Amino acid sequence: MHFRGAVLFDEPMDAHTSFRVGGPADVLLKPACSDDVAAVMKFGRRHPVFILGAGANILVSDRGIRGIVLDMSGFDSCTVTGTDIVAGAGAAVSDVSEIAARNGLSGLEFIYAMPGSVGGSVWMNARCYGKSVSDIIDSVEIIDEDGQSRRIVPSPSEFSYKVSPFQRKRWAITCARFKLQEGDKQEILKEMDEHRRDRESKGHFAAPSAGSIFKNDRRFGMPSGKIIDSLSLKGTAVGGAQVSPVHANIIINNGGATAEEIFELIRLIEKRVRDTYGFELEREVLLVGDWEKEADR
Ligand SMILES: Cc1cc2nc3c(=O)[nH]c(=O)nc-3n(C[C@H](O)[C@H](O)[C@H](O)COP(=O)(O)OP(=O)(O)OC[C@H]3O[C@@H](n4cnc5c(N)ncnc54)[C@H](O)[C@@H]3O)c2cc1C
């Protein structure tokens, strides 16, 4: 495989995840250009490849990741064209939101201060403050498993709550075009500031985490955080992993937590909720890497 970017062997994944946990990836590749991504995607037809955004929604095993991690962080361009913004997959969504605001463009306020990349947020269809990324997507550039670049214009019906059509494909997202509107700069900045403060008040930046562990499910009648809180689980700890004392749907790494401890705490919450309410909480955080034994338990 011809590859021009950086190649890192046995790269510790704790440096690449917001939980600050995770063992070594066999090989971490940082593509320098689209041809590099295409080469890795073609290679991925026969070998395991995990595409990494900002690592803000994943729990990587202490044993690490076998095979290749394709780190898209270098694709961080951002261009304003009229009322649209075209952002590289590796750009931080919060930075893109800030660039929109500086240009008097409204539509990305909701995602300001949320950790994560453009690629990861499109893939996850990230949602906050009543809006989803799908609400503002115009089109998405991808490289498929044959190494071909394509522009996809997904229809709104292909998205739902934290679900995107990209979750059913083996494609690398390289950039996304967001449709925004002209707005009042001061109003835009005010809304962004409110979201940042709200996140601060919920302890989002106080300790390493991956944000919400579980999705919400309307059928349960209350948000997952409230369900977990009703079982007095705030503050519950397994080693260095703790249910946030501020927000029960967040698990924090209190320093020195292992992925195994975080996973045990997830399982403990799931069991308590199942035993008490009969609900099966759906995980939002993704288990990545060498988890086989634990996931089977
Ligand atoms: C403090 C905190 C608060 C959070 N608040 C919210 C919130 O309010 N709402 C919310 O929805 N989420 C929230 N999250 C979770 C996280 O920020 C989002 O899910 C974010 O969209 C993940 O983006 P990422 O780049 O980190 O993706 P990663 O965690 O790196 O990856 C997630 C998935 O996307 C795939 N992926 C990533 N990049 C690409 C690409 N270029 N091409 C193809 N696939 C790709 C990965 O393979 C993986 O399957 C929060 C997280 C933290 C730490």
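Residues numbered from 1 in each chain as written. Predicted model: local features only at pLDDT ≥ 70, side-chain atom pairs only at ≥ 80, totals over all residues.

As for the site of the ligand
The condition is simple: In this analysis, residues qualify as near a molecule or strand once their C-beta atom, positioned from backbone atoms, comes within 6 Å of it. Numbering of helices and strands runs from the N terminus, with a helix taken as a DSSP run of H or I at least four residues long and a strand as a DSSP run of E at least two residues long. Residue classes follow a fixed rule: Ala, Val, Leu, Ile, Met, Phe, Trp, Tyr, Cys and Pro count as nonpolar, while Asp, Glu, Lys and Arg count as charged, and any other residue, Gly among them, counts as polar. Domain start and stop points were drawn from an automatic or database domain assignment.
Around the ligand, a shell composed of 31 residues is seen, among which G53, G116, G119, G120 and G211 lie nearest. Broken down by secondary-structure element, the contributors of at least two residues to the shell around the ligand are β3 (49-52), α3 (118-124), β9 (127-128) and β13 (172-179). The element that contributes the greatest number of residues to the shell around the ligand is α3, accounting for 5 residues. By residue class, the composition of the shell around the ligand is 18 nonpolar, 12 polar and 1 charged. In this structure, the shell around the ligand is formed jointly by two domains, domain 1 (6-74) and domain 2 (78-201), each of which donates at least three residues.

Details of the sheet that holds strand β17 (residues 251-253)
How we decide: Paired strands, in this sense, are two strands between which DSSP finds at least two bridges.
With respect to topology, 3 strands assemble into an open sheet ordered β15-β16-β17, the strand pairing being antiparallel. Looking at strand neighbours, the two that pair on one side only are β15 (237-238) and β17, the edges of this open sheet. Pairing between β15 and strand β16 (residues 241-243): 2 bridges, direction antiparallel. When the sheet's bridge partners are listed, A237 is paired in β16 with Q242.

A few points about the domain arrangement of the protein
Frequently, the measure chosen for interface size is the accessible area that the parts lose on association. One can read the domain layout of the protein as domain 1 (6-74), domain 2 (78-201) and domain 3 (218-296). The C-alpha-based centres of domain 1 and domain 3 are spaced at 25 Å. Where the side of domain 1 that touches domain 3 is concerned, the elements lending two or more residues are β4 (58-60) and β5 (65-71). In terms of residue count, β4 provides more of the side of domain 1 that touches domain 3 than any other element does, 3 residues in total. Residues that form the side of domain 1 that touches domain 3 fall into these classes: 7 nonpolar, 4 polar and 4 charged.

Remarks on the environment of S212
Counted only if it meets this: Buried means a residue has 20 or more other C-beta atoms within 10 Å of its own C-beta, exposed means 12 or fewer, and partly exposed covers the counts in between; C-beta atoms are placed from the backbone. With C-beta atoms placed from the backbone, a contact is any residue pair whose C-beta atoms sit within 7 Å.
Position of S212 relative to the elements: it lies in the loop between α4 (185-201) and α5 (224-230). You can call S212 buried: it has 21 C-beta atoms within 10 Å. Distance from S212 to E145, taken between C-alpha atoms, is 31 Å for residues 67 residues apart in sequence. Among all residues touching S212, those that are not within four sequence positions of it are N249, I250 and E284.

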